[in-house]
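Chains, contacts and geometry: an overview
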Amino acid sequence: SWVQESLVQATYWHDPLDEAVYKKESQFLADINNERKINRTYIENLNRLDKLVLVKFESDSIVQPRETEWFGFYAPGQAKRLQSLEQSDLYIQDRLGLKKMEESGKLVFLSTPGDHLQFAQDWFIEKILQPYLL
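Here's what I pulled together on the structure shown here. Values in this document were obtained by computation on a predicted structure and should not be read as measured data. (Residues numbered from 1 in each chain as written. Predicted model: local features only at pLDDT ≥ 70, side-chain atom pairs only at ≥ 80, totals over all residues. Heavy atoms only, no water.)

1. Some thoughts on a nonpolar patch on the surface
Among the surface-exposed residues, Trp-2, Val-3 and Leu-7 lie close enough to one another that they form a single nonpolar patch of about 330 Å² accessible area. Along the chain, the position of Trp-2 falls in helix H1 (residues 2-6). (Patch = residues over 30% accessible without salt bridge, like charges linked within 9 Å, V, L, I, M, F, W, Y side chains within 5 Å. Areas by Shrake-Rupley, 256 points an atom, 1.4 Å probe, with all protein chains shown as cover. Salt bridge = Lys/Arg side-chain N within 4 Å of Asp/Glu carboxyl O. Helix = DSSP H or I, 4+ residues; strand = E, 2+ residues; numbered from the N terminus.)

Have a look at this one:
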């Protein structure tokens, strides 16, 4: 808990080997992902978006596993085999409304070469700014 209180990055901690401890001790991620209880406001607010653009950095050295940038994660109970968003309980149970968003064309999955948050300005303008923000 003291690490999560000191470093914002630690609030993204998710122990794939002990889901019960993660859900109990997580100060941010388990809550925002509706893993303890369903907060309808989170679902409603996400579904108000025109698009949710998720960017995966193909050589990310900070976010592990990289698939979490697209809401993927390790299959339950281990830390080797990955599962996609669509294979996760988060999606199957639609705990955040992401399934509904994908079915209505609101989810956008982009990837770019490079490390964490490293992208070319031209890529940002062409892939994000022009299609979704202008």
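Next, the rest of the story.
2. Let's talk about unusual backbone geometry
Most of the time, phi is negative for any residue but glycine, and the peptide bond is trans. Cis geometry marks the peptide bond from Gln-64 to Pro-65, where omega comes out at -10 degrees. By secondary structure assignment, the location of Pro-65 is in the loop between strand E1 (52-57) and strand E2 (73-74). A positive phi angle, near 65 degrees, is found at Phe-71, a position not held by glycine. Relative accessible area serves as the criterion here: at 23%, Phe-71 is assigned to the partly exposed category. We note that Asp-94 has phi near 50 degrees; this positive angle belongs to a residue other than glycine. Tracing the sequence through the fold places Asp-94 in the loop between helix H5 (89-92) and helix H6 (98-103). Under the relative-accessibility criterion, Asp-94 is labelled partly exposed at 24%. (Buried < 20%, exposed > 50% of the residue type's maximum accessible area, 1.4 Å probe, protein only.)

By themselves, these figures tell us nothing about what the structure is for.
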